[in-house]
Amino acid sequence: MGAVESKRIAVIPGDGIGMEVTPEAVKVLEAVCVAAGKKLAFTHFDWGADRFLRDGTTLPPDAPQMLQRDFDAVLFGAMGDPRVPSNQHAADILLGLRFKLDLYVNARPCVLIDKRLTPLRDRTERDINFIVLRENTEGAYAGVGGNFKRGTPDEVAVQEDVNTRKGVERIIRYAFEYAQRKGLKRVCMSDKSNAMTFAHGLWQRVWAEVRKEFAEIESRHLYVDTLMMEMVRDPSQFDVIVTCNMFGDIASDLGSQLSGGLGLAPSGNIHPGKVSLFEPVHGSAPNIAGKNIANPLGSVLTAAMMLEYLGWPREADAIGGVVRAAVREGKTTPDLGGSMSTRSVGDWLADRIAKHGLAGAGA
Ligand SMILES: NC(=O)c1ccc[n+]([C@@H]2O[C@H](COP(=O)([O-])OP(=O)(O)OC[C@H]3O[C@@H](n4cnc5c(N)ncnc54)[C@H](O)[C@@H]3O)[C@@H](O)[C@H]2O)c1
């Protein structure tokens with residue numbers, strides 16, 4: 001018999017409901033491993049508000065190198081705690097990992113798994129199935145800027161929009177390669193090059209060059225204001241949307257509402273071929289933390305994204321199937337209209353996989 005296929009996962013639950021939903025995702029992954037005869041070796045890290053308040057640690061200096069050396073992927077919960085109003089630990093840990101691991105793709109699938117969950121009238125599962133690929137390391141979030149005459153009536157605030165040739169090209173190329181890999185036909189690039197002529201003029205020039213290499217894929221450009229309108233008017237026209245850091249932040253939150261809300265939305269912070277970090281889109285939700293009512297499905301679908309990235313598509317599909325089954329059968333937390341707790345949803349998913357195996361667990 002050959003060696004059991006195995007991957008090493010760093011688990012960072014973080015704060016608030018991150019500490020409640022992440023264990024449920026791990027529970028489901030463990031059930032998948034038993035059903036698949038594979039192994040995931042989990043190592044937990046306590047980085048978050050409690051640790052920061054205890055000893056001042058945010059992201060240990062050697063953490064990025066250690067994660068790159070010792071792990072295949074990171075499963076992340078959420079950061080944010082009312083006891084740390086500056087959010088310093090969250091910025092150091094999450095933004096630190098995104099930048100230091102150079103996780104330049106923020107992938108946010110927006111997939112409607114049950115038509116009852118979309119606020120759009122007469123839209124079904126067939127209409128809402130796209131992905132937003134957001135540039136994740138530059139743009140307006142690069143932290144370049146400053147204040148002049150701060151606190152005076154003459155104050156000046158500058159936040160630079162940083163766009164590099166390399167950064168723009170690699171995210172646009174990733175979008176086309178993603179479409180190719182998934183057999184998708186349409187890539188839409190969105191910017192605001194009519195107003196941000198320098199920064200997004202670069203996006204336009206790179207886009208014009210790269211799209212020529214992928215002639216078999218229908219490529220289209222929309223200004224971001226038009227993109228927002230079109231996503232609501234007719235989301236079925238999109239397969240892959242690629243855009244800058246800030247517009248991707250906004251477009252993906254809109255997409256998550258169209259496809260069932262924050263409780264269901266997964267994401268990946270990816271550098272192809274390197275250790276990448278997977279997290280639900282939602283934050284630490286202090287308003288419901290500690291009550292065992294947070295929806296764990298976003299974290300569970302995040303775990304599925306991670307498995308797909310690690311090259312386990314069958315296992316990832318099985319998780320997608322069992323989550324669909326839970327939603328259809330009403331085995332959900334109150335935010336989706338159910339009456340189950342965080343832990344009992346996780347138990348239900350894991351039991352279903354244990355009983356039915358990978359192929360039979362879905363809806
Ligand atoms: N990636 C991250 O770690 C991340 C992302 C967003 C916000 N945050 C942080 O989280 C904290 C709270 O931010 P917020 O309230 O703006 O956003 P949030 O996503 O934590 O919560 C927004 C609303 O959605 C609800 N919600 C979120 N996830 C849910 C789930 N799984 N199940 C049921 N309901 C859910 C919350 O109860 C709340 O009403 C802040 O400190 C913020 O900085 C962190």
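This one's a predicted model, so the numbers in the text were calculated from it and none came from an experiment.

The rules behind these values
Residues numbered from 1 in each chain as written. Predicted model: local features only at pLDDT ≥ 70, side-chain atom pairs only at ≥ 80, totals over all residues. Heavy atoms only, no water. Helix = DSSP H or I, 4+ residues; strand = E, 2+ residues; numbered from the N terminus. Expected span 1.5 Å × (residues − 1). Buried < 20%, exposed > 50% of the residue type's maximum accessible area, 1.4 Å probe, protein only. Salt bridge = Lys/Arg side-chain N within 4 Å of Asp/Glu carboxyl O. Pairing = 2+ DSSP bridges. Phe/Tyr/Trp six-rings, centres within 6.5 Å; stacked < 30°, edge-to-face > 60°. Lys NZ or Arg CZ within 6 Å of the ring centre and 35° of its normal. Polar contact = N/O pair within 3.5 Å; in protein donor to acceptor, adjacent residues only side chain to side chain. 1 Å grid on protein atoms, 1.4 Å probe; cavity = no way out; pocket = protein on both sides within 12 Å on 5 of 7 lines; lining within 4 Å. Points joined across faces, edges and corners; volume = space filled by probe spheres on them. Axes fitted to C-alpha atoms, helices over the stretch in contact; angles between N-to-C directions. Contact = heavy atoms within 4.5 Å.

Peer 1: I would appreciate a short explanation of helix 5 (residues 165-182) in the present structure.
Peer 2: Structurally, the α-helix is built with 3.6 residues per turn, so residues lying three or four positions apart point the same way. Here helix 5 contains 18 residues, and its C-alpha end-to-end distance of 26 Å stays within 8% of the 26 Å for a straight helix at 1.5 Å per residue. Regarding helix 5, the residues found buried are Gly-167, Val-168, Arg-170, Ile-171, Ile-172, Tyr-174, Ala-175, Phe-176, Tyr-178 and Ala-179. Gly-183, located one to two residues past helix 5, shows a positive phi value of around 70°.

Peer 1: Mind showing me how you'd approach the pattern of salt bridges here?
Peer 2: Close approach of charged atoms allows side chains of opposite charge to pair. If you walk through the whole model with that rule in mind, you get 28 salt bridges. Residue Arg-121 is joined to Asp-122 by a salt bridge in which the shortest nitrogen-to-oxygen separation is 3.9 Å. Among the ionic contacts, a cluster of salt bridges with common partners joins Arg-165, Glu-169, Arg-173, Glu-209 and Glu-213.

Peer 1: Can you walk me through the pairing of strand 10 (residues 240-243) in this structure?
Peer 2: As a general feature of sheets, a regular strand has side chains that alternate between the two faces. Where burial is concerned, the two faces of strand 10 agree: the one with Val-240 and Val-242 and the one with Ile-241 and Thr-243 are both buried. Where strand 8 (residues 186-191) lies against strand 10, four bridges are found, and the strand directions are parallel. Counted as the bridge partner of Met-189 is Val-242 from strand 10.

Peer 1: What am I meant to see in the packing of aromatic side chains here?
Peer 2: The geometry of an aromatic ring pair comes down to the distance between the two centres and the angle between the two planes. Going through the model one piece at a time under the given rule, you end up with seven aromatic pairs. Plain terms: the ring middles of Phe-130 and Phe-238 are 6.4 Å apart, the flat faces sit at 65° to each other, and that makes the pair edge-to-face. With Phe-130 in strand 5 (residues 129-135) and Phe-238 in the loop between helix 7 (224-233) and strand 10, this pair connects stretches of sequence that are 108 residues apart. The class of Phe-130 is buried, set by a relative accessible area of 2%. Of the residues examined, Phe-238 reaches a relative accessible area of 2% and is grouped as buried. Each ring, one from Phe-176 and one from Phe-214, has its centre 4.8 Å from the other, and the planes form 10°; the classification is stacked. Within this pair, whereas Phe-176 is found in helix 5, its partner Phe-214 is found in the loop between helix 6 (199-212) and strand 9 (218-223), the two being separated by 38 residues in sequence. For Phe-214, a relative accessible area of 5% corresponds to the buried category. One aromatic cluster is present, built from ring pairs that chain together Phe-45, Trp-47 and Phe-71. If you follow Lys-38 out to its NZ or CZ, it ends over the ring of Trp-312, 4.7 Å from the centre.

Peer 1: Any chance you could explain the side chain of Lys-192 here in plain terms?
Peer 2: Inspection of the secondary structure assignment puts Lys-192 in the loop between strand 8 and helix 6. A polar atom in the side chain of Lys-192 sits 3.0 Å from the side chain of Asp-225.

Peer 1: Is there a simple way to explain the layout of surface pockets in this structure?
Peer 2: One way to see where empty space is left: roll a probe the size of a water molecule over the atoms. There is about 1,100 Å³ of room inside the largest pocket. Lining the largest pocket are 41 residues, and of these Pro-109, Val-111, Tyr-178, Lys-182 and Glu-308 sit closest to its centre. Top contributing element to the lining of the largest pocket by residue count: helix 10 (residues 313-328), with six residues. Its boundaries defined by the atoms lining it, the second largest pocket holds a volume of some 420 Å³. Along its surface, the second largest pocket is lined by 23 residues, and Leu-94, Arg-98, Arg-108, Glu-279 and Val-281 are the ones closest to its centre. If you list the elements that add at least two residues to the lining of the second largest pocket, you get strand 3 (73-78), helix 4 (88-100), helix 8 (245-258) and strand 12 (276-280). Sorting elements by how many residues they give to the lining of the second largest pocket places helix 4 first, with five residues.

Peer 1: What is the right way to read the sheet that holds strand 11 (residues 266-270) from this model?
Peer 2: By definition, the strands of a sheet pair up through backbone hydrogen bonds, in either a parallel or an antiparallel sense. Ordered in space as 2-1-3-12-11-4-5-10-8-9, the 10 strands form an open sheet in which the pairing is mixed. Of all strands in the sheet, those bounded by a partner on one side alone are strand 2 (39-44) and strand 9. Here the average twist between neighbouring strands, direction ignored, is 25°. As defined by bridge partners, strand 1 (residues 6-14) adjoins strand 2 across six bridges and the pair is classed as parallel. From the neighbouring strand, Ile-9 faces strand 2, where its bridge partner is Phe-42. Most of the contacts of helix 5 go to strand 5, to which it runs at about 160°, and overall it touches strand 4 (105-111), strand 5, strand 8, strand 9, strand 10 and strand 11.

Structural measurements only, silent on function.
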